[in-house]
Amino acid sequence: MARLPYLEADQVAPEYRDMLKRNTNLHKLLVNSPDMARAFNGVGNYIRFKSKLDPHLRELAILQVGWMEKSEYEFTHHVKIGKEFGVTDQDIEGLMAETEGKPSRLEPLAKTILRGAREMVRELAMSEATFAEIKKQLSEEQMVDLVLTIAFYCAVVRVLATMKIDNEPYYKEVLKQYPI
């Protein structure tokens, strides 16, 4: 059970109701602090709609964070979002294999990005070798977008866990295929 209430549109000042267009428990809880919620949504929207990072690679990096942190909410939501951006079941199976140190059929850049995400989750920072390997294929702008995306979702999973945000029933179905 969440530690703060989930607010509905009629409980929020009219100028903040737009933040509830995505009818998720995360947004309903964050709007308890509407200006912070707006800032949070701004970063999330930039990552999803304006980042120069390839969306398929972005979603794999986000899924890696959710999987590593055992964040049911984050992982299941981004399985759905990821599929909208071309992430396949084979990609997700590859992510799981890579996490366990097993080989996968993922492309080399995806494997390296997943390794970088794992390093940021486990070690706080991406190693010099991993960063240099990714930088061979991404622009400096894309590198910033990648690192900030991984860092942002490291924060998101901590918000979800601390606030004890409940996963919506629809997303719980994803766990049948990919139990965390």
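Conventions used here
- Residues numbered from 1 in each chain as written.
- Predicted model: local features only at pLDDT ≥ 70, side-chain atom pairs only at ≥ 80, totals over all residues.
- Heavy atoms only, no water.
- Helix = DSSP H or I, 4+ residues; strand = E, 2+ residues; numbered from the N terminus.
- Polar contact = N/O pair within 3.5 Å; in protein donor to acceptor, adjacent residues only side chain to side chain.
- Contact = heavy atoms within 4.5 Å.
- Core = buried A, V, L, I, M, F, W, Y, C linked by side-chain atoms within 4.5 Å.
- Buried < 20%, exposed > 50% of the residue type's maximum accessible area, 1.4 Å probe, protein only.
- Expected span 1.5 Å × (residues − 1).
- Phe/Tyr/Trp six-rings, centres within 6.5 Å; stacked < 30°, edge-to-face > 60°.
- Axes fitted to C-alpha atoms, helices over the stretch in contact; angles between N-to-C directions.
- Parallel < 35°, antiparallel > 145°, perpendicular 65-115°, else oblique.
- Left-handed = near helix turned anticlockwise from the far one by under 90°.
- Nonpolar A, V, L, I, M, F, W, Y, C, P; charged D, E, K, R; others polar.

Details of the side chain of Asn41
Argument step 1. Considering the arrangement of structural elements, one finds Asn41 in helix H2 (residues 34–49).
Argument step 2. Among the polar contacts made by the side chain of Asn41, one reaches the side chain of His27 at a distance of 3.1 Å.
Argument step 3. What Asn41 contacts, discounting residues up to four positions off in sequence, is Met19 and His27.

Overview of the nonpolar core
Argument step 1. By size, the foremost hydrophobic cluster in this structure holds 52 residues, and its most contacted members are Ile92, Ile113, Ile134, Leu138, Leu146 and Ile150.
Argument step 2. Of all the secondary structure elements, the ones that give two or more residues to this core are helix H1 (25–30), H2, helix H3 (55–68), helix H4 (72–84), helix H5 (89–99), helix H6 (108–123) and helix H8 (140–163).
Argument step 3. Ranked by the residues each element gives to this core, the list is headed by H8, at nine residues.
Argument step 4. Excluding its chain neighbours within four sequence positions, the residues that come into contact with Ile134 are Leu109, Thr112, Ile113, Met126, Met143 and Leu146.

So, H3
Argument step 1. Look at H3: 20 Å from first C-alpha to last across 14 residues, which is about the 20 Å you get at 1.5 Å a residue.
Argument step 2. Counting buried positions along H3 yields 13 of 14 residues, so the element is predominantly enclosed.
Argument step 3. Positioned one or two residues after H3, Lys70 has a phi angle of 55°, which is positive.

Digging into the packing of aromatic side chains
Aromatic ring pairs: the centre-centre distance and the angle between the two ring planes describe each pair.
Argument step 1. In the structure shown here, the tally under the stated rule is five aromatic pairs.
Argument step 2. When the ring of Trp67 is compared with that of Phe75, the centres are 5.1 Å apart and the planes differ by 50°; the resulting orientation is tilted. Exposure class is identical for Trp67 and Phe75. Each is buried.
Argument step 3. Three or more aromatic residues joined by ring pairs form one cluster here, namely Phe40, Phe152 and Tyr153.

Things to note about the packing of H2 against H8
Argument step 1. Running from N to C, H2 and H8 cross one another at 135°; their axes reach a closest spacing of 10 Å. Between H2 and H8, the crossing angle belongs to the class labelled oblique. Like other packed secondary-structure pairs, H2 and H8 cross with a definite hand, here left-handed. Facing H2, whose interface residues are Phe40, Val43, Gly44, Tyr46 and Ile47, H8 presents Glu141, Asp145, Thr149, Phe152, Tyr153 and Val156.
Argument step 2. Split into classes, the residues belonging to the contact of H2 with H8 amount to seven nonpolar, two polar and two charged.

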